[in-house]
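These are the residues of each chain, in order.
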Amino acid sequence: MKGSDSQIQLGGERRQVTAVFYDIVGSTELLLSNDPEKYLRSIASLHNSSEDIIRRHGGNLSRRLGDGGCGYFGYPAQVEDAAEMAVQAALELIEMATRQSHRPRTVPFKLRVGVATSVVVLSSDGKDIVGTAPILAARLQAEAQPDTVLVAEATYQLTRNRFDYTFLRDAALKGFSEPSALWQPLARSPGSLRDRSNPARGAPMGGREKELARLTIEWNAACSGTGRSVAVTGEAGIGKSRLVAELRRSLGRENDADILLQCDARMTGEPMQPLIGFLEASVGKDVLQRGNAPQLREALHGIGLPVDERAARAIATFTGGDSRRKAGNIQVADLSGEAFRKDVIRAAVQILCAGEAAKLIVIEDVHWADSMTLTMLEHLVSHARHRPVLVVQTSRGPTAVAAAESLPLQGLGTAAMKSLVASVWGGAPPAGLVSFILQQCDGLPLYAKELALLLRTRHSVAPAAASWTKLLVEEGVSSLNDLLAVKLAKVGSARRVAQLASVIGREFSVSLLNRLLDGAAAASLEADLAALVAHGVIEQGATSNDAFQFRHVLQHEATYGSLLRTDRRRFHKRIAQLLSEEDVPSVPPAVAAWQCAEAGLHLQAAQFAMKAAEACVLRSAMREARQSLDLCAREIAAMRRHVDRRQFLLDLLQLQGVVATALEGEGSQLARRTYARAISLLKRDGSANREERLPLYWGWWFTAPNISLQQSRARVLVSDMEGARDPETRLQAYHCGWATSFHAGHHDYCLDCVGKGIALYDAERALRNRAFYGGHDAKVCGLGESALSYLLTDAHEPSEAAIRQCLEWADRTEHVGSMVHALYYGIVLRRCQQRYEDVHSLGERMLALADENGLVASQARANMYCGWAEAMASSPERGAARFEEGLRLQKLTGTDDNLSIHSDMHSEILERMGDPGAAVVPIENAIALGRKSGQWFWLAELYRRRAHLRLALGDAPARARRDLRYALQSAETQGAEWLAKRAGHDLRHHFG
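Structural notes, computed from the coordinates. (Residues numbered from 1 in each chain as written. Predicted model: local features only at pLDDT ≥ 70, side-chain atom pairs only at ≥ 80, totals over all residues. Heavy atoms only, no water.)

Let's shift gears to the packing of helix α37 (residues 816-832) against helix α41 (residues 899-912). At a minimum axis distance of 12 Å, the contact between α37 and α41 shows a crossing angle of 50 degrees. The orientation of α37 with respect to α41, classified from their angle, is oblique. For the pair α37 and α41, the sense of crossing is left-handed. From α37, Y824, V828, R831 and C832 reach across to α41, where they touch I901, H902, D904, M905 and E908. Looking at the contact of α37 with α41 residue by residue, the class counts come to five nonpolar, one polar and three charged. (Axes fitted to C-alpha atoms, helices over the stretch in contact; angles between N-to-C directions. Helix = DSSP H or I, 4+ residues; strand = E, 2+ residues; numbered from the N terminus. Parallel < 35°, antiparallel > 145°, perpendicular 65-115°, else oblique. Left-handed = near helix turned anticlockwise from the far one by under 90°. Contact = heavy atoms within 4.5 Å. Nonpolar A, V, L, I, M, F, W, Y, C, P; charged D, E, K, R; others polar.)

Right under this line is the structure:
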């Protein structure tokens, strides 16, 4: 990027400023009762003396208002003790007016003075200031008694240890909604302090002996082979990271190959980013992005982290470059998606725990961890129990893994504070100093350290030790954030480099800064970075020699917060433009999206957010994907009349449908609303976009609330896609057609769709697309559906040929989702034929695959069918128990897509157990739900089974006869000749 050095100049600045407003009491009366020339001369003398006083204390008399004036402290030049100097000047103004009143040839004046402090906005030319401080100061002087000063609450808090105050009252001031406290300074506390040199860094930490001993005990236990996990919790600045660093120092492991993972507030939309950051620093970004498992395994082995082939393959797939797949085409979670996620987490844990030597694993700022990292951490904590590993996590709150032992950090006590202050002071601290700092900081170590540094650099030992409590002040600050801002103010011109770096992130690269800076700013970058390091603002980063990071996240936040919103946006825009120009952005897409959004570049933000979400979906990281999609939705909404807005919106809905289906289920209202909105938009566009938007049609079909509506939508889909040029698009449209038509009992249409669809099948395309549509191979699905339709239409030879081809082809794909799908078809077919041994054999094969790959729905189905087979053929009690367990698990997953047959199986088991009365209930429920939902294919058999049970229970024969007639009619309407024969046989057998 080109540009002049002036590009990085601030357009303005936020700064804490103290205003002093003084006014002459009764000026009109004084003018009328005195000679005008004498009055004018006295007024001029008053203003000149006032300006001298204000300037002498580091302020600036900004305005003379005839009978008063307004001065600022901390503006235009920033000073650390602005509030203190303002109050001192205000008191001296009163003294000056009193002295002048006793001089001859002058008009006797009495003054009222108001002092207020606030954050204001300063213009770049130093001419404009906007904030409440001058307004509040003016209101306060109007409330003051003659020859007195009134101070606002914020100023009082900043100077209460420097001056003696009297609280007067709370007053309702014009323009302010809340009452304002009125404080009157009476006198300044005596004494002064002188600057001292900076202390040496790296002093041992004090006050955490107990916590350090606890961590040391845990480490020793881990070294013996009994792994431990500790969660160090506490507020920001309490010393969590410092404690971990001290542990490493005390163990002599500062340079060892321990594993340090860092979570980041801006990385919550990037799955497993702490691990990826560690791996990038360890083996290089190129190795990760290649996606080459053998190379990655070799690189990990080279740094002492030996892993197996499966783990290397999982991580390489997860971190590899752009996939040929498009996440928008995945309309339901691939059956292997959850298994892949688990595989990645297992691989991550194996990497972290690899090797035989005792290891310390630190995960910093877990409160910012993405959900996949949190899941990994849970598994890591569990796995570490059996390894020589100590896992230490730091967190501001309860986000830390519950299984870890808790180690909460509290504020430092007096003894520890004394040690800390002494290390900063370079010797024993003066009497009273520790108590004062402890009172101000409430035991927060970072706050105490920064305050001690500030006081040490500005003051020296007072003549009387007892005077420290009153003499030590906060030097113009009332919070830790203000102290950190003061530290930043000391670095001079390097401040703007720090501010630009803060926009990049807590960690930033020198190369990126160089590209953002030009001219003199770029030439002085090395010196500016050195100044920032010397003042403790930044330090060398952990990921590369090119990287730096802010020493503490609070310093980063304070630096970022010191920028005006307009300057932030300008800096974000420059970074965003640079990222958009790169072939491969130098930051993760979720971060690039955030940069663009903060810059107001809505189009680029939406593009990066979409890319981030798609990458997350392909990694089965749906919660992280949702974060990026939420950002994308906001940016698209802001695009308003952009020519491509509708296309972006359709892309967004495509991904939102995937995520909603995966996280909340295909039957969720959110998933259904998402796809319904998408189809509504597509209908407005006519047929132009339909072929390329097949995934939206698929999702709209898949999320239909019942079989009848799904069948209707399938016919629309097939009709709309018949003219598509892409054979895969037509194939997947037929895929929808046959899948629904079988359940609706439209067997002719089902077989027609299978025939046309399989004619379009291409094995190479299937390798890429089987994960997109239903998580299984289309040919496997078509052959399985046709096997069932052929059976019900009494075409037994074609049915057997189809199921044989289905199972064989699934095995050839070596795709878990397709293999499980084929086995399910075989199980259902053999169950319809009452072939118990075959059902049991196929069910056990399905269960083995499901257990290995974490497919819960398939585990449930396998146990149901195996349990049914056992109950009917060998052991009713054992089989019934297994069936019930499978049924329970299926209800938890909410995936009962074959309710009719499953209810029939349940009924058969209950009858087998000798309870025909109970056996009627699931049959009647299935009939009612089948009629309501449109799942007709097994309705004839359900009616036939209810007639059988009614006869067994001695029910009225007419009711059994009616059920058999319903069964026959239903089967004949569907063309299900095999079911019609069964119903007809029973009707003739029982009723002639």
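This next bit is on the side chain of R266. Of note, R266 is situated in the loop between β10 (259-262) and α8 (273-283). It is D264 that comes nearest to the buried, bridge-free R266 among opposite-charge side chains, at 5.5 Å. At 3.4 Å, the side chain of R266 forms a polar contact with the backbone oxygen of I504. When near neighbours in sequence (up to four residues on either side) are disregarded, R266 contacts S502, V503, I504, G505, H556, Y560, V591 and W594. (Buried < 20%, exposed > 50% of the residue type's maximum accessible area, 1.4 Å probe, protein only. Lys, Arg positive; Asp, Glu negative; His and termini not counted. Salt bridge = Lys/Arg side-chain N within 4 Å of Asp/Glu carboxyl O. Polar contact = N/O pair within 3.5 Å; in protein donor to acceptor, adjacent residues only side chain to side chain.)

Here we come to the sheet that holds strand β14 (residues 507-509). The three strands lie next to each other as β14-β16-β15, forming an open sheet whose pairing is antiparallel. A strand with exactly one partner marks an edge of an open sheet, and here the two such strands are β14 and β15 (538-540). Each strand of the sheet is rotated relative to its neighbour by a mean of 30 degrees, with strand direction disregarded. (Pairing = 2+ DSSP bridges.)

Turning next to helix α24 (residues 565-581). Under the 1.5 Å per step criterion, the end-to-end length of α24 is 24 Å for 17 residues, consistent within 8% with the ideal 24 Å. Burial in α24 covers these residues: D567, F571, H572, R574, I575, A576, L578 and L579. (Expected span 1.5 Å × (residues − 1).)

So, about the sheet that holds strand β11 (residues 359-364). Pairing in this open sheet of five strands is parallel, and the strands run β10-β11-β12-β9-β13 from one edge to the other. For this open sheet the edge positions go to β10 and β13 (405-408), each flanked by a neighbour on one side alone. Going across the sheet, the axis of each strand differs from the next one's by a mean of 20 degrees, ignoring polarity. Both β10 and β11 contribute to a ladder of four bridges, which runs parallel. When the bridges of β11 are listed, L261 appears paired with I363. Set on the sheet, helix α6 (residues 209-223) makes contact with β9 (228-233), β11, β12 (389-395) and β13; between it and β12 the angle comes to about 145 degrees. Most of the contacts of helix α13 (residues 371-384) go to β12, to which it runs at about 145 degrees, and overall it touches β9, β10, β11 and β12.

Per the counting criterion, the structure on display carries 16 aromatic pairs. With 5.9 Å between their ring centres and 80 degrees between their planes, Y761 and W809 make a pair best called edge-to-face. One end of the pair, Y761, is in the loop between α33 (747-759) and α34 (763-769); the other, W809, is in helix α36 (residues 796-813), with 48 residues separating them in the sequence. Members of the aromatic cluster, each reached through a chain of ring pairs, are Y156, F163, Y165, F167 and W183. Above the plane of the ring of Y560 lies R568, whose end atom (NZ or CZ) is 4.8 Å from the centre. (Phe/Tyr/Trp six-rings, centres within 6.5 Å; stacked < 30°, edge-to-face > 60°. Lys NZ or Arg CZ within 6 Å of the ring centre and 35° of its normal.)

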